[in-house]
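Below, each chain spelled out in residue letters.
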Amino acid sequence: MSETCELNEMSKEVSDGLDVTAKIKLKGTMYGKANGLSWFTTALFIVADMAGGGVVAIPIAMLQSGGFAGGIVITIICVAFCYTAHILGENWVTMCERWPEYREHCRKPYPEMAYRSMGPTARRLTSLTLNVMLFGVSVVYLLLSSKIINDFVTTLTGVNMGFCVMLLLVAGVLLPVTWLKSPQDFWAAVVVAMLTTAISVILILIGTIQDNPTCAPVAQIPDFEWSSLLLSLGTFMFAFGGHGVFPTIQHDMKNPKQFTRASITAFFIVAAMYVPITVLGYITYGNSLQDSIINSVQNANIQQAANLFIAVHCILTLTIVINPLNQELEHALRTPHKFGFQRVLLRTTVMAIIVFMAESVPNFGPILNLIGGTTVALTSAIMPCLFSLFLQARDKMDGKDSERNWTEEFKRVIKKTSLWRLWINIFVIVIAIICGVTTTYTAILDMGGSRFSRPCYLRAFVDTNVELEVLRENPMHCCGPHFNVSRFGSASEFCV
C-alpha cells in the first residue's frame with residue numbers, strides 16, 4: 001500500500017478475494033463522498049483555483065502576443081488545459097476502481113497518480129514540482145497583493161510608502177496567521193476568493209468601458225515580435241493552470257465521475273471572465289498597459305474597489321497555498337504537529353525566503369511567466385498526459401511499481417492506446433515542452449532586460465531608472481503612448 005493513503009473496508013474485501021468490480025458497477029459512485037461536493041460546486045472551486053492573478057495580467061499578455069495571435073494562443077491553451085483536466089479526472093476514477101484504498105482518504109492524490117502510473121521516482125519528482133510551484137505562486141501573490149494594497153493606500157490617503165516597504169508590512173501581518181494550525185477545510189476561503197475575483201472583473205469592465213471613448217483613439221498597439229509572443233505564453237499558462245489541486249478537489253466530490261462536467265463548466269466560466277477584459281483592455285489602452293490592468297482604470301473609486309477585491313483574493317490564496325508547503329517541510333524535518341517554537345521557526349524561515357525572493361525580483365510579471373513556463377507547464381499539461389497514457393495502458397491490478405521495463409512500458413502504451421488519443425496526448429506534450437522551454441528562457445532574459453527592476457535592498461545604494469520606478473509605483477496610469485491622456489482633464493495634474 002502507498003505511504004500516503006489509508007485502507008478502508010473495500011480494500012479489506014479485496015484482500016478477502018471479493019469481486020470489487022461487480023460492486024463498483026452496482027453502486028456506481030460508491031468511491032465518492034456521501035456528503036461530498038456536487039459537480040457545480042466543484043466547478044466553482046476550480047474557478048477559484050484558476051482565476052485571480054490571471055485577471056490583472058492576462059490583458060498584458062494579450063498585448064505582448066498581438067491581438068490575432070494572442071486570440072489563437074489563448075484558445076489553444078484553454079482547450080488543451082481543459083482536456084488535461086478531463087484526463088486527470090479519468091486517471092483518478094481509474095485509480096479508485098483499481099486500488100480501493102484511494103476511495104476513503106488520500107493526502108496527496110497527484111503524487112499518488114504519478115506513483116501508480118510511472119513509479120516511485122515519478123512520485124518524488126511530482127511532489128517536488130508541486131512544492132516548487134507552491135513556492136513560486138506564494139511569491140507571485142505576495143508581490144501582487146503588496147502592489148495592490150500599496151496602490152489602494154496611495155489612492156486613498158495620497159501617501160505612497162513604496163511597494164518594497166508595503167511588501168514587508170503585508171508579510172509581517174500574514175506571518176502570525178501561517179503559524180496557526182491549519183483548518184481542515186479551506187472551502188469557505190476558496191469561495192470568497194472566487195466571488196472577489198468575479199466582482200473585480202465586473203468593476204474592471206465598467207471602468208474600461210468608461211475609459212474607452214477617451215483612450216481607444218490614442219491607443220497604440222506595438223508591432224508583433226516573436227519574443228513577446230513567447231513571453232506571453234507563460235502568463236496564459238499560469239492563467240489557465242492550477243491542475244496540481246484538481247485531484248484533491250475531485251477526491252472530495254460526491255460523484256467523482258462528474259469531474260469532466262465540472263471542469264468544462266469551470267473553464268467556460270474562467271474564459272468568460274478573461275476574454276472580455278482582455279479584448280476590451282487591449283483595444284482601449286494599447287501599449288499603456290503595464291503590469292496590471294487595474295492601474296489603467298482612471299475612475300479612482302472603481303480602481304480602489306477592484307484593487308481591494310483582488311487584494312482579498314491574493315491574500316486568501318497566499319494563506320492557502322503556503323500552508324501545504326509548510327506542512328511538507330514539517331513532515332520532511334519531522335517537526336512536532338503541536339504548536340511550538342519549531343513550527344514558528346520553520347514557518348518564519350519559509351516566509352523570510354519568500355520575502356527575500358519577492359524583494360529581489362519586485363516585479364511579478366517575469367516571475368509569473370517563469371512559473372507558467374516551468375511548473376505549470378509540467379503539472380497542467382505534460383504530467384497529466386504522461387500519467388494518463390501509462391495508467392490507462394496498465395493491466396487492471398498490476399501493482400509492480402519498483403522494477404519496471406520501460407521499453408515494454410512504451411510498447412504497451414502504443415499498443416493499448418487508441419491512435420487518436422495517443423496523438424492528442426503527444427501533441428499536448430510536445431507543444432507544452434516547446435512553449436515551456438522557450439517561455440522559461442525568454443522570462444529569464446526578461447528579468448535582466450526591459451522589465452528589470454532593481455532589488456529593493458539595492459535601490460538605496462545603486463542608481464536606478466527613476467522614471468520607470470515612479471511609473472510602476474504610481475497607482476494611476478494614464479493612457480496613450482506617453483501615458484499623458486486622462487479623461488478627467490489636465491495631464492499634468494492626473495498623469496505621471
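Predicted model, so just to flag it, every value in this text is computed and none were measured.

S.K.: Before we move on, could you go through helix α15 (residues 364-393) and cite the residues and values that matter?
M.R.: Taking 1.5 Å of rise per residue, the 30 residues of α15 would be expected to cover 44 Å, and the 41 Å separating its terminal C-alpha atoms lies within 8% of that figure. Approximately 55° is the largest bend angle found in α15, and it occurs at A377. Of all the 30 residues making up α15, 25 are buried; the element is thus mostly covered by neighbouring parts of the structure.

S.K.: Go over the state of the cysteines with me, naming the residues and quoting the values.
M.R.: A full pass over the atoms with the stated rule returns one disulfide. Here C215 pairs with C479 through a disulfide, and the sulfurs are 2.2 Å apart. Because the sign of the S-S torsion sets the handedness, a value of about -75° for the bond joining C215 and C479 places this disulfide among the left-handed ones. On the criterion of sequence distance, the pair formed by C215 in helix α9 (residues 187-215) and C479 in the loop between α18 (466-473) and α19 (491-494) is long-range, its members being 264 residues apart. Comparing C215 with C479, the two get one shared label, buried.

S.K.: Explain the confidence of the model for the chain residue by residue, including any values.
M.R.: On average, residues of the chain carry a pLDDT of 80, and 83% of them reach 70 or more. Note on residues 464-473: pLDDT is under 50 here. Beyond four places in sequence and across chains, it has 24 contacts.

S.K.: Which residues make up the pattern of salt bridges, and what values do they have?
M.R.: Under the defined criterion, the tally for this structure stands at seven salt bridges. Among the salt bridges present, the one from E97 reaches K257, with a minimum N-O distance of 4.0 Å. You can see E97 sitting in helix α5 (residues 67-98) and its partner K257 sitting in the loop between α11 (246-251) and α12 (259-285), a full 160 residues away along the chain. With a relative accessible area of 27%, E97 lands in the partly exposed category. As a salt-bridge pair, R487 and D211 come within 2.6 Å of each other at their nearest N and O atoms. Placement of the pair is R487 in the loop between α18 and α19 and D211 in helix α9, with a sequence separation of 276 residues. Classification of D211 as buried rests on a relative accessible area of 0%.

Quick notes on the rules
Residues numbered from 1 in each chain as written. Predicted model: local features only at pLDDT ≥ 70, side-chain atom pairs only at ≥ 80, totals over all residues. Heavy atoms only, no water. Helix = DSSP H or I, 4+ residues; strand = E, 2+ residues; numbered from the N terminus. Expected span 1.5 Å × (residues − 1). Bend = angle between axes of the 7 residues up to and from the residue. Buried < 20%, exposed > 50% of the residue type's maximum accessible area, 1.4 Å probe, protein only. Disulfide = S-S within 2.5 Å. pLDDT = per-residue confidence, 0-100. Contact = heavy atoms within 4.5 Å. Salt bridge = Lys/Arg side-chain N within 4 Å of Asp/Glu carboxyl O.

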